[in-house]
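# Structural features, examined
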Amino acid sequence: RQQLRIPESSRIAAAGDVLWVADALSGRVLRVDAATAEVVAEVSTGIRIAGPIWPPGGLGVLGGQARDFARIGNIDASTQWVWVADQDGRVLRIDPRSNEVVEEFDVPIEPDLVRAEGEHVLVVDREHGAILVLDAATGVEVLPVRPAARYVGAELHGGAVYIQDPDTGAVSRVDLVTGAEIASDSLGPSPYISGSPQWPPIIVVNDSGVLAVTKDGLHVLDPDTLAELDRLDGIDVRAGEMTIDTDGTAWIAQFYGSTLARLEPVRP
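Attention here is on the structure that accompanies the text. (Residues numbered from 1 in each chain as written. Predicted model: local features only at pLDDT ≥ 70, side-chain atom pairs only at ≥ 80, totals over all residues. Heavy atoms only, no water.)

Once that is clear, we can look at the pattern of salt bridges. Within the structure shown, the criterion is met by twelve salt bridges. As a salt-bridge pair, Glu110 and Arg71 come within 3.2 Å of each other at their nearest N and O atoms. Taken together, the residues Glu110 in the loop between strand S10 (100-106) and strand S11 (113-117) and Arg71 in the loop between strand S6 (67-70) and strand S7 (72-77) connect sequence positions 39 residues apart. One network of salt bridges, with partners in common, ties together Arg48, Arg71, Asp88 and Glu110. (Salt bridge = Lys/Arg side-chain N within 4 Å of Asp/Glu carboxyl O. Helix = DSSP H or I, 4+ residues; strand = E, 2+ residues; numbered from the N terminus.)

This is the structure we're talking about:
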């Protein structure tokens, strides 16, 4: 087992044999060799440092000490490009061959989440409630800004964007080519509590299904029709990362409890 100490609150993305770290304190992006757990490159982003901030001790942030934090948001990576959100209104593209920022797209929101797939880049401002989708090559808006509830769950998959409503739990699918939109039935309200330091729920989508969080548990939906396929109960999903395997099994990393849970699907 290998370990690497990274700055607190930093986000990570893996691509092949490389781990990319969005340094929450300095605003740099660190390139880590996955085999040796060593930092092999540091990428300057020009992202602004804001502070001093006295965090309340919420998720991923140590309380009791005022510190400067960068306005860096989420990071997403593939073997071709690395995408970084700048909460001052930019999306940065890093070339992993040169370890340099090669493109900057200005966006009319304050992005704290970025997801890339194929020709599209999803940009989300969860704090103020807005999403948009960009053409990955040109930065042109494919899906213009859509206001949404605060802490919206959104994801890209198969040429469509998936958006979860935190009040009803319903998931909408918008085809980015045709503009056609469908929505699931109501699944139940989000577990998000206003003012809580918990991580906002984020939906996960792949060929196996859509994994959506509600107060009642985890719901697995068909990615094409959004019909409910399975439900996974009895798990605290308030704070953590999650993914869905090819057989419909859900994996939940619970940050508060420092646990990794594996859940088998059950029919509703």
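The next point concerns the side chain of Ser184. Its place among the elements puts Ser184 in the loop between strand S18 (181-183) and strand S19 (204-206). A relative accessible area of 10% means that Ser184 is categorised as buried. Once residues within four sequence positions are removed from consideration, Ser184 is found in contact with Ala170, Val171, Leu221 and Leu226. (Buried < 20%, exposed > 50% of the residue type's maximum accessible area, 1.4 Å probe, protein only. Contact = heavy atoms within 4.5 Å.)

For the rest of this paragraph, the subject is the pairing of strand S16 (residues 160-164). When you tally the buried positions in S16, you get five out of five residues, the bulk of the element. Along S16, one buried face is formed by Ala160, Tyr162 and Gln164 and the opposite face, lined by Val161 and Ile163, is buried too. Alignment of strand S15 (residues 153-157) against S16, held across five bridges, turns out to be antiparallel. The partner of Glu155 across the bridge, within S16, is Tyr162. Here S16 pairs with strand S17 (residues 171-175) via five bridges, running antiparallel. By the bridge assignment for S17, Tyr162 is matched with Arg173. Counted along the chain from S16 to the antiparallel partner S17, the turn is six residues long, and its residue Gly169 has a positive phi close to 75 degrees. (Pairing = 2+ DSSP bridges.)

Nothing here speaks to function; it is all geometry.
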